[in-house]
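Chains, contacts and geometry: an overview
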Amino acid sequence: MSVKIEFHMIQSFPPANLNRDDTNMPKDCKFGGVRRARISSQCLKRAIRWHPDFKKYTQGDLSYRSRKLSNEIEKKLIDKGHDKLSSHNIALVFTAELLGGIDKDDIETGKSRVIFFFTPNEIDIFVNKIISNWQEINKIVSGLDIDKHVIKKFKENKGRKLDRFINEYIKEFKGQKRVLPDIALFGRMLALHPDLKMEASCQVAHAISTHRVGMEGMDFFTAVEELQESSDSGAAMMGVTGFNAATFYRYAAIDWGQLVYNLDDDRALAKKTVRAFLYSMAKAVPTGKQNAFAAQTRPALILVVIREDEQSWSLANAFEKPVEARGSKGILQQSVTALDRHWHELDQIYGDPKYPLKPFVLVLPEFEECLNFLENYKRGSLNDLGDAICNTLPQE
């Protein structure tokens, strides 16, 4: 039976612009017939990966999502004592053949057409493969018109002489049977080489506000010219920044079996990864416009559910009818109440008695009275919550 770990959070932010659209306004969406604030899943996942707690608790390196694979290969080849020109050309050709070419305008910078999620160890595998076959590879590459070769589309490169080395790299990657925790969680896909694909074990939803949000918040700002002459007047700079303030519902789920598989059955590392994800999700805040707004908050409620019933429950529909402040009860308080009630209703109707859910809750003391159905599952701190989850996950 597949075990899943679900994470539900209620988190309120003061005025902020955490995740912008193409007009520099905070992202939004329509849900329940009204406009909501939104933070994209991509934004949240990156904030989680790069939070210090993720590396601290997985006790390993981070991977890199980048179009600059060629640059990393070139640097290491030069560090190993090879000349700059040969290192540059070989790195370009290898990257182009692995990732499907490099656009003409990007040849100088070495940026590939597609972005690739790679580990430091994979760079070493690539570099070692090149160095161990340096003379043969250098002879092939030196005979190419580099610019014309690397801008060709992958399918146009018939009978490529470097195929063997690319395939050997892929075979060696597959032989590792393990990636770093961030790739194990979020997966990767490379259309040209399906063997480098890693199925994600984690799903992250877009965070949406639990209530209606007007998107007209605009901050008109001026910057004073502090060295102006007494005869000068006016500001040195003026501008407008969009913002909103919202209470968000956040949801993510980890497939425990897939995570363990991606980590080559290393359950100890898988548990560290779950703990790292929990801590980072609770603490990570997107960096957008933080110098201007400093919107650094923590969740008011964290609900984690371990389940074996093959189901997945987002609790977003608890807020399909937008929450409203009523009397002395603010939106944050009403949101915690709505989540508690909706979770109980789903459990009553769809819960499987054969596979009882195992919920764990962390809630700020001021909102404890909002819990009617989850109050018996409270934990006292984030560390207590992490311990409870890791101790409940399967040992074998």
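Note: the structure precedes this text.
Residues numbered from 1 in each chain as written. Predicted model: local features only at pLDDT ≥ 70, side-chain atom pairs only at ≥ 80, totals over all residues. Heavy atoms only, no water.

1. Some thoughts on the overall build of the protein
We apply this condition: Here a helix means four or more residues in a row that DSSP labels H or I, a strand means two or more in a row labelled E, and each is numbered from the N terminus. Relative accessibility thresholds used throughout: buried, under 20% of the residue-type maximum; exposed, over 50%; partly exposed, between the two (1.4 Å probe, protein chains only). Only heavy atoms matter for contacts: two residues are in contact if any of them lie within 4.5 Å across the pair. Two residue types count as positive, namely Lys and Arg, and two as negative, namely Asp and Glu; His and chain ends fall outside the count. The atom standing in for a charge is NZ when the residue is Lys, CZ when it is Arg, CG when it is Asp and CD when it is Glu.
Within the protein, the regular secondary structure consists of 14 helices and 12 strands. Across its three principal axes, the protein shows a C-alpha extent of roughly 80 × 75 × 35 Å. The buried share of the protein, reckoned over its 396 residues, is 49%. Residue pairs in contact within the protein that sit at least 24 positions apart in sequence constitute 76% of those at least 6 positions apart. A gap of 4 Å separates the mean positions of the 56 positive and 53 negative side-chain charges of the protein.

2. Focus on the side chain of Gln333
The following threshold applies: Two N or O atoms form a polar contact when they lie within 3.5 Å of each other; inside protein one atom must be a possible hydrogen donor and the other a possible acceptor, and for residues adjacent in sequence the pair counts only when both atoms belong to side chains.
With respect to the secondary-structure elements, Gln333 resides in helix 13 (residues 331-350). Judged by its relative accessible area of 14%, Gln333 falls in the buried class. Here the side chain of Gln333 touches Glu369 through a polar contact of 3.2 Å, side chain to side chain. Those residues in contact with Gln333 that sit more than four places away from it in its chain are Ser328, Phe367, Glu369 and Cys370.

3. Some words on the packing of aromatic side chains
Under the convention used in this document: Pairing of aromatic rings covers Phe, Tyr and Trp, the last counted by its six-membered ring, and requires centre-to-centre distances within 6.5 Å; plane angles under 30 degrees mean stacked, over 60 mean edge-to-face, and any other angle means tilted. By definition, being over a ring means that NZ of Lys or CZ of Arg is both within 6 Å of the ring centre and within 35 degrees of the ring normal.
Inspection of every chain in the model, using the stated rule, returns 10 aromatic pairs. Centre to centre, the rings of Phe186 and Phe277 are 6.5 Å apart; their planes meet at 50°, and the pair counts as tilted. In this pair, Phe186 sits in helix 9 (residues 181-186) while Phe277 sits in helix 11 (residues 267-283), placing the two residues 91 residues apart along the sequence. Under the relative-accessibility criterion, Phe186 is labelled buried at 10%. An aromatic cluster is present here, built from Trp50, Tyr64, Phe116 and Phe118 joined pairwise through their rings. The side chain of Arg65 reaches across the aromatic face of Phe117, ending 4.2 Å from its centre.

4. A closer look at the nonpolar core
Here is the rule: Put simply, buried Ala, Val, Leu, Ile, Met, Phe, Trp, Tyr and Cys residues joined by side-chain atoms within 4.5 Å make one nonpolar core.
Counting 54 residues, the largest nonpolar core has Ile5, Phe277 and Ile389 as the members making the most contacts within it. If you look at the next biggest cluster of nonpolar residues, it comprises 33 residues, including Ile125, Ile130, Ile146 and Val150.

5. Description of a nonpolar patch on the surface
Here is the rule: What goes into a patch is any residue over 30% in relative accessible area without a salt bridge, connected to like charges within 9 Å or, for nonpolar side chains (Val, Leu, Ile, Met, Phe, Trp, Tyr), within 5 Å. Computed with a 1.4 Å probe, the accessible areas rest on the Shrake-Rupley method; for each residue, only the protein chains presented here act as cover. Here, a salt bridge means any side-chain nitrogen of Lys or Arg that lies within 4 Å of a carboxyl oxygen of Asp or Glu.
Together, Met218, Phe220, Met238 and Val240 make up an exposed nonpolar region whose accessible area comes to about 450 Å². Of all the secondary structure elements, the ones that give two or more residues to the nonpolar patch are strand 8 (218-223) and strand 9 (237-242). By the element assignment, Val240 lies in strand 9.

6. Quick look at the side chain of His51
Mapped onto the fold, His51 is located in the loop between helix 1 (41-49) and helix 2 (52-58). Residue His51 is classed as buried on the basis of its relative accessible area, which comes to 16%. Setting aside chain neighbours within four positions, we find His51 in contact with Ser280, Lys283 and Ala284.

7. Comments concerning the pairing of strand 3 (residues 34-39)
Our working rule: Whether two strands pair depends on DSSP finding at least two bridges between them.
Pairing geometry for strand 2 (residues 28-31) and strand 3, over 4 bridges, is antiparallel. Along strand 3, the bridge assignment pairs Lys30 with Arg35. The hairpin formed by strand 2 and strand 3 contains 2 residues between the paired strands, and Gly32 there has a positive phi angle of roughly 65°. Relative to strand 7 (residues 207-209), strand 3 runs antiparallel, the two being bridged by 2 bridges. Looking across to strand 7, one finds that Arg38 is bridged to Ile208.

8. Description of the environment of Lys111
Topologically, Lys111 is positioned in the loop between helix 4 (84-99) and strand 5 (116-118). Residue classification places Lys111 among the partly exposed residues on the basis of a relative accessible area of 28%. The sequence separation of Lys111 and Asp265 amounts to 154 residues, and the corresponding C-alpha distance is 35 Å. Residues within four places of Lys111 in sequence aside, it is in contact with Arg67, Lys68, Ile102 and Asp106.

9. As for unusual backbone geometry
Across the chain, the bulk of peptide bonds are trans and the bulk of non-glycine residues have phi less than zero. Not every positive phi belongs to a glycine, and Asn24 is a case in point at roughly 70°. Looking at the element boundaries, Asn24 is found in the loop between strand 1 (4-16) and strand 2. Backbone geometry places Asp264, a non-glycine residue, at a positive phi of 60°. Within the secondary structure layout, Asp264 lies in the loop between helix 10 (256-262) and helix 11. On the accessibility criterion, Asp264 (36% relative accessible area) is partly exposed.

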